[in-house]
Amino acid sequence: MTQSPAGHGTAAPLSGDPGTTETPRFAYGGQALMEGIYMRGKDAIGVAVRGPDGQIFAGQEPLNSILHRNRFARAPFFRGIVVLYETLVIGTKWLMRSGSLAAAGEGVAFGGGAIALTMLFTIGLAVGLFVLLPLLVAQGGVTFLFGEVESGLGLFVIHILEGLVRVALFVGYLALVSRSAEIGRVFQYHGAEHMTIHALERDLPLTVDNIRKFPTAHPRCGTEFLVIFIIVSILLFSLLAGVELWVAILGRILLIPVIAAVSYELLKFGAARREQGFWRWLFMPGIWIQKITTKQPDDSMIEIAICAMQEGLAANDDTAPEGSWDPVREPIPDVEELAKEMEARLEAEEAAEKAASETDTATAEVEAIEPASAEATDDAETPAPRAGGATEGA
């Protein structure tokens, strides 16, 4: 996932990136989906998803939430909360919708209720796993080893241990899910998204060959945002040291928007300075983590990324560099209708396979009967020996 700053600008080049020309267009971002990608512009997103028959489904969607339309949406600190909200809501919605399209290929349709429940579960799991669990593990571990801690060095140890547990959980979780074949493909699409944005920022024609020149890591990746988020959380959560457990838990939840706002501003401020000493080391872990969250895509995935970018550019009244590929695509279908169509097709294929199997079985039975019938006919035509033949010459 690549963050889209709420304003115009360019991304700083990565060390060793091919090409040096950058264009003063809006800094597009995006997110990998299940067999797809969406690209986010200033006022709209473009989406492309691979269909069950290999076709490309594509579409556009405006960014018209109340927060996005608010005049403070691009104000410092507030804009970080807007981006976090839109990333969670839009990203989760399209991740689920792309999953629904994939499931529709198997004749299954997910309702809106299932998508809403999945979104709530995902947010709850993230807060519980990366915000609350480290606190409980740190406090429980120190209390178990050293007894009750009320002040001084013990609180500092709890705080540092909580931060280390949060980092370990974050990296371990990414490493674990990356072993899944499905998530591995999502990480390949993630790489294709980054490589395509690199090519656009250098104003190169969006073709597979040009996009192949670039790395899968990108300095504005949402993974980098999460790394900064964790670092800032370690600092801000220190304000809650020594309070009662319920206050510590509630305070951490309430501080999430504040941490997001500060993290976003650090990313934005440091974007033009990331090659300088402090900023280079601050952002470097984000590039390292992308070795897990991005992988080299195949050409069909780059095709999806190009298509999503074309849709995103068109939705924001922008155009791709001259000479860019514009893949053939179809409108995104209604998931339930697609599921019904695929279910009918699967049933027809199953019936055809069953009929063919029955035909093969009947043919095999006939072929088995025919030799037996021929053998019986031969036995009937062979003359039987005459009775008393043994005494006939007496």
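This one's a predicted model, so the numbers in the text were calculated from it and none came from an experiment.

Engineer: When you look at the packing of helix H4 (residues 153-177) against helix H9 (residues 277-293) in this model, what are you seeing that I'm missing?
Structural biologist: When two helices pack together, their arrangement is given by the angle between their axes and by how far apart the axes lie. At a closest axis distance of 9 Å, the pairing of H4 and H9 adopts a crossing angle of 30 degrees. Classified by the angle their axes make, H4 and H9 are roughly parallel. Of the residues in H9, those touching H4 at Phe-170, Val-171, Leu-174 and Ala-175 are Ile-289, Ile-292 and Thr-293. Residues that form the contact of H4 with H9 fall into these classes: six nonpolar, one polar and no charged.

Engineer: So what exactly am I meant to see when it comes to the sheet that holds strand E4 (residues 56-62) here?
Structural biologist: Two strands in a sheet stick together by hydrogen bonds in their backbones, pointing the same way (parallel) or opposite ways (antiparallel). What the five strands build is an open sheet, ordered E1-E2-E3-E4-E5; its pairing is mixed. The open sheet is flanked by strand E1 (29-33) and strand E5 (330-331), the only strands paired with a single partner. Of the pairings in the sheet, the one linking E1 to strand E2 (residues 36-40) comprises five bridges and is antiparallel in character. The residue of E2 that forms the bridge with Gln-31 is Tyr-38.

Engineer: Hey, could you run me through the pattern of salt bridges in this one?
Structural biologist: Where charged atoms from two side chains of opposite charge come close, those side chains can pair. All chains considered together, the criterion is met by 13 salt bridges. The salt bridge partner of Glu-303 is Arg-50, with a shortest N-O separation of 3.0 Å. Of this pair, Glu-303 sits in helix H10 (residues 299-315) while Arg-50 sits in strand E3 (residues 44-50), and the two are 253 residues apart along the sequence. Accessibility classification places Glu-303 together with Arg-50 in one group, the buried group. Here Arg-274 and Glu-224 are joined by a salt bridge, their closest N and O atoms 3.1 Å apart. With Arg-274 in the loop between helix H8 (245-270) and H9 and Glu-224 in helix H7 (residues 222-236), this residue pair connects regions lying 50 residues apart in the sequence. For Glu-224, a relative accessible area of 0% gives the class buried. One connected set of salt bridges, linked through shared partners, spans Glu-162, Arg-166 and Arg-252.

Engineer: Quick question: what am I supposed to make of helix H5 (residues 181-201) here?
Structural biologist: Along an α-helix, residues three or four apart share an orientation, since each turn contains 3.6 residues. With 21 residues, H5 extends 31 Å from end C-alpha to end C-alpha; this agrees with the ideal 30 Å at 1.5 Å per step. For H5, the buried fraction is high: 17 of the 21 residues fall into the buried class. Phi for Asp-203, located one or two positions after H5, is positive at around 60 degrees.

Engineer: Looking at this model, I keep getting lost on the packing of aromatic side chains. Mind explaining?
Structural biologist: Here a ring pair, both rings aromatic, is described through the centre-centre distance and the interplanar angle of the planes. Counting across every chain of the model gives six aromatic pairs. Arranged with centres 6.3 Å apart and planes meeting at 50 degrees, the rings of Phe-225 and Phe-229 form a pair that is tilted. Separated by four residues within a single helix, Phe-225 and Phe-229 lie in helix H7, roughly one turn from each other. Assessed through its relative accessible area of 5%, Phe-225 is described here as buried. According to the relative accessible area criterion, Phe-229 is buried, its value standing at 15%. An angle of 75 degrees between the planes, with centres 5.2 Å apart, marks the rings of Phe-278 and Trp-279 as edge-to-face. Geometry around Phe-237 places Arg-252 over its ring, the cationic atom sitting 4.9 Å from the centre. Lying across the ring of Phe-269, Arg-273 places its NZ or CZ 3.7 Å from the centre.

Definitions and cut-offs
Residues numbered from 1 in each chain as written. Predicted model: local features only at pLDDT ≥ 70, side-chain atom pairs only at ≥ 80, totals over all residues. Heavy atoms only, no water. Axes fitted to C-alpha atoms, helices over the stretch in contact; angles between N-to-C directions. Helix = DSSP H or I, 4+ residues; strand = E, 2+ residues; numbered from the N terminus. Parallel < 35°, antiparallel > 145°, perpendicular 65-115°, else oblique. Contact = heavy atoms within 4.5 Å. Nonpolar A, V, L, I, M, F, W, Y, C, P; charged D, E, K, R; others polar. Pairing = 2+ DSSP bridges. Salt bridge = Lys/Arg side-chain N within 4 Å of Asp/Glu carboxyl O. Buried < 20%, exposed > 50% of the residue type's maximum accessible area, 1.4 Å probe, protein only. Expected span 1.5 Å × (residues − 1). Phe/Tyr/Trp six-rings, centres within 6.5 Å; stacked < 30°, edge-to-face > 60°. Lys NZ or Arg CZ within 6 Å of the ring centre and 35° of its normal.

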